[in-house]
Amino acid sequence: MVSMVLPSIAIVSGLALLIWSANKFVDGSAELARKYSVPPLLIGIVIIGFGTSFPEMMVSAFAAYEGNSGLALGNAYGSNIANIALIIGVTAVIAPIAVHSDAIRREIPILLGVTGLTVALLFDGALSRIDAVVLFAVFLALIGWSVREGFRNREDSFGQEVEAHYSPPADSAGKPLFRAIAGLVVLIVSSRLLVWGAVEVAGALGVSDLLIGLTIVAVGTSLPELASSLSAALKKQPDLALGNILGSNLFNTLVVVGIAGIIEPMIVPPEILSRDIIVVGLATVLLFVFCFSFRGQGQVTRPKGAILLFTYIGYNIWLIA
């Protein structure tokens, strides 16, 4: 038990620093972009949606570099499950999420398609560098689409909520830039600390690094998304609450997994294909059904949020079993 003390401290302190640094990085970047008149919709999709997943990217990159493929992939897919089933579930139970934005409605089918692409690429049980490059190329195409949407749909409600949430700073660009850089530096250090602690704890407990990645690390790296979505929902900015999660899951699937595979091609643990990606797909389909309505505006109501939460609880029982 003594051997677990330092790794446990590393996990707790790493997660705390990770949450702080991710918030500083996203807030500083978003304020800087607003100061230089970047379209709010583009900020919402790219900086906020993708930026909140920088912790996952750093953790998985370090894990892949050190040969811990289970931790690298478990962190990515575990975070996707936590984002939808846990974070949207909790947020909707506290404050139901109505879907107004056309950009958000278009992102959900894209996320379904990207999840399907991942299954096809990993079906042979390996993540090669070619597979990783394909994922990264799709992400670059998605960035191009996001830029186009950002400049074309300036009146989209998602962009309007971003504009209200991140007003341009009155001072010089120095402070937002400093926050963004400081956040990124601490993010790198805390990610390395978290990976070391997680691997050591997994070894001491005799469990796989995949299980640690799917649970402790995945939930921890998803806490910035939880804070962002809850804050937006309580401020009556439902599209921002949902867009943050969709952007994060796209980034996790394409960039977090892609960069890990580029750094170190890896064998995919069979549990990921037979269990975790299936749950990711199920959660995404549920979100799709909840957010679309033929009788009017889609909404993730409190009962629907409860269904997502029970899905997350059931998934964790499956992990333990």
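See above for the structure.
Cut-offs and rules
- Residues take numbers from 1 onward in each chain, read along the sequence in its written order.
- Under the rules for a predicted model, residues below a pLDDT of 70 receive no local features and side-chain atom pairs below 80 are neither given nor counted, while totals for whole chains, interfaces and linings still include all residues.
- For the side-chain quantities, the full set of heavy atoms in the structure was used; hydrogens and water were omitted.
- For our purposes a nonpolar core is just a set of buried Ala, Val, Leu, Ile, Met, Phe, Trp, Tyr and Cys residues, chained together by side-chain atoms within 4.5 Å.
- Per-residue accessibility, obtained with a 1.4 Å probe over protein chains only, is compared with the maximum for each type, and a residue is labelled buried under 20%, exposed over 50%, and partly exposed between these values.
- The contact rule is simple, with two residues in contact once any of their heavy atoms fall within 4.5 Å.
- We count a salt bridge whenever a side-chain nitrogen from Lys or Arg sits within 4 Å of a carboxyl oxygen from Asp or Glu.
- Helix and strand definitions follow DSSP, with helices as H or I runs of at least four residues and strands as E runs of at least two, each counted in order from the N terminus.
- In a helix, the anticipated span is given by 1.5 Å times the number of residues less one.
- Here the bend at each residue means the angle between axes fitted to two seven-residue stretches, the one ending at that residue and the one beginning there.
- Every axis corresponds to a line fitted to the C-alpha atoms, with the helix fit spanning only the stretch in contact, and the corresponding angles, defined between N-to-C directions, vary from 0 to 180 degrees.
- Helix crossings are classified by the rotation of the near helix relative to the far one: an anticlockwise turn of less than a right angle makes the crossing left-handed, while a clockwise turn makes it right-handed.
- Asp, Glu, Lys and Arg are counted as charged, while Ala, Val, Leu, Ile, Met, Phe, Trp, Tyr, Cys and Pro are counted as nonpolar; the rest, among them Gly, fall into the polar class.
- A patch is a set of surface residues, each over 30% in relative accessible area and not in a salt bridge, joined within 9 Å for like charges and within 5 Å for the nonpolar side chains Val, Leu, Ile, Met, Phe, Trp and Tyr.
- Method for areas: the Shrake-Rupley scheme with a 1.4 Å probe, in which residue coverage is limited to the protein chains shown.
- An angle below 35 degrees is read as roughly parallel, one above 145 as roughly antiparallel, one from 65 to 115 as roughly perpendicular, and any other as oblique.
- Any Phe, Tyr or Trp ring, taking Trp's six-membered ring, that has another such ring centre within 6.5 Å forms a pair; planes under 30 degrees apart are called stacked, those over 60 apart edge-to-face, and the others tilted.

K.L.:
So what's going on with the nonpolar core? Residues and values would help.
P.N.:
Ranked by size, the top nonpolar core spans 86 residues in total, and within it L73, Y77, I88, L242, F251, L287 and V300 carry the most contacts. Excluding residues within four positions of it along the chain, I88 makes contact with N83, I97, L242, I245, L287, V300 and L308.

K.L.:
Describe the pattern of salt bridges, naming the residues involved and giving the relevant values.
P.N.:
Within this structure, the stated rule accounts for 2 salt bridges. For R192, the salt bridge goes to E66, with nearest N and O atoms at 2.8 Å. Note that R192 is positioned in helix α8 (residues 174–205) and E66 in the loop between α3 (54–65) and α4 (69–94), a separation of 126 residues in sequence. On the basis of relative accessibility, which here comes to 32%, the residue R192 falls in the partly exposed class. Note on E66: relative accessible area 33%, which makes it partly exposed. A salt bridge links D276 to R275; the shortest N-O distance between them is 2.7 Å.

K.L.:
Go over helix α11 (residues 238–263), please, and point to the residues and values.
P.N.:
Look at α11: 36 Å from first C-alpha to last across 26 residues, which is about the 38 Å you get at 1.5 Å a residue. The sharpest bend along α11 measures roughly 40° and falls at N252. Of all the 26 residues making up α11, 23 are buried; the element is thus mostly covered by neighbouring parts of the structure.

K.L.:
Describe the packing of helix α9 (residues 209–221) against helix α13 (residues 302–320), and please don't skip the residues or the numbers.
P.N.:
Between α9 and α13, whose axes approach to 11 Å, the crossing angle comes to 145°. Note that α9 runs across α13; the crossing there is left-handed. Contacts between α9 and α13 involve L211, L214, T215 and V219 from the former and Y312, Y315, N316 and L319 from the latter. A class-by-class count of the residues in the contact of α9 with α13 yields 6 nonpolar, 2 polar and no charged.

K.L.:
Provide a residue-level description of the side chain of T221, including the pertinent values.
P.N.:
Examined against the element boundaries, T221 turns out to sit in helix α9. When near neighbours in sequence (up to four residues on either side) are disregarded, T221 contacts L15, L18, T52, P55, E56, V59, N75, S79 and L194.

K.L.:
So what about the environment of I9? Which residues, and what values?
P.N.:
Inspection of the secondary structure assignment puts I9 in helix α1 (residues 5–35). With 184 residues separating them in the primary sequence, I9 and L193 have C-alpha atoms 9.6 Å apart.

K.L.:
A description of a nonpolar patch on the surface should follow, citing residues and the corresponding values.
P.N.:
A contiguous nonpolar surface patch, about 390 Å² in accessible area, is contributed by V5, L6, I9 and W196. Here the element with the most residues in the nonpolar patch is α1; it accounts for 3 residues. The topology assignment puts V5 in helix α1. Judged by its relative accessible area of 43%, V5 falls in the partly exposed class.

K.L.:
So what about the environment of L142? Which residues, and what values?
P.N.:
Summarising the element assignment, L142 is placed in helix α6 (residues 129–152). Separated by 108 residues in sequence, L142 and L250 have C-alpha atoms that sit 9.2 Å apart. Discounting chain neighbours no more than four positions away, the residues touching L142 are F50, I110, L250 and L254.

K.L.:
With reference to specific residues and values, describe the environment of V185.
P.N.:
Relative to the helices and strands, V185 is located in helix α8. You can call V185 partly exposed: its relative accessible area is 48%. Separated by 160 residues in the primary sequence, V185 and F25 have C-alpha atoms spaced 9.3 Å apart.

K.L.:
Can you explain the packing of α4 against α11? Please cite residues and give values.
P.N.:
Contact pair α4 / α11: the axes reach a minimum separation of 9 Å and the direction vectors enclose 170°. In terms of their interaxial angle, α4 and α11 are classed as roughly antiparallel. Packed against α4, whose contacting residues are A72, L73, A76, Y77, S79, N80, N83, I84, I87 and I88, the element α11 presents L242, I245, S248, N249, N252, T253, V256, V257 and A260 at the interface.

K.L.:
Break down α4 for me, citing the residues and quoting the values.
P.N.:
Look at α4: 36 Å from first C-alpha to last across 26 residues, which is about the 38 Å you get at 1.5 Å a residue. At N83, α4 is deflected by roughly 35°, the largest bend along its length.

K.L.:
Explain the packing of aromatic side chains residue by residue, including any values.
P.N.:
Applying the stated criterion to the full structure yields 4 aromatic pairs. With a centroid separation of 4.8 Å and 40° between ring planes, the pair formed by F25 and F54 is classed as tilted. Of the two residues, F25 sits in helix α1 while F54 sits in helix α3, which places them 29 residues apart along the sequence. Just as F25 is buried, F54 falls in that class too. Ring geometry for F139 versus F251: centroids 5.7 Å apart, planes at 85°, classification edge-to-face. Placement of F139 in helix α6 and of F251 in helix α11 is noted, with a sequence separation of 112 residues between them. With respect to class, F139 is no different from F251; both count as buried.

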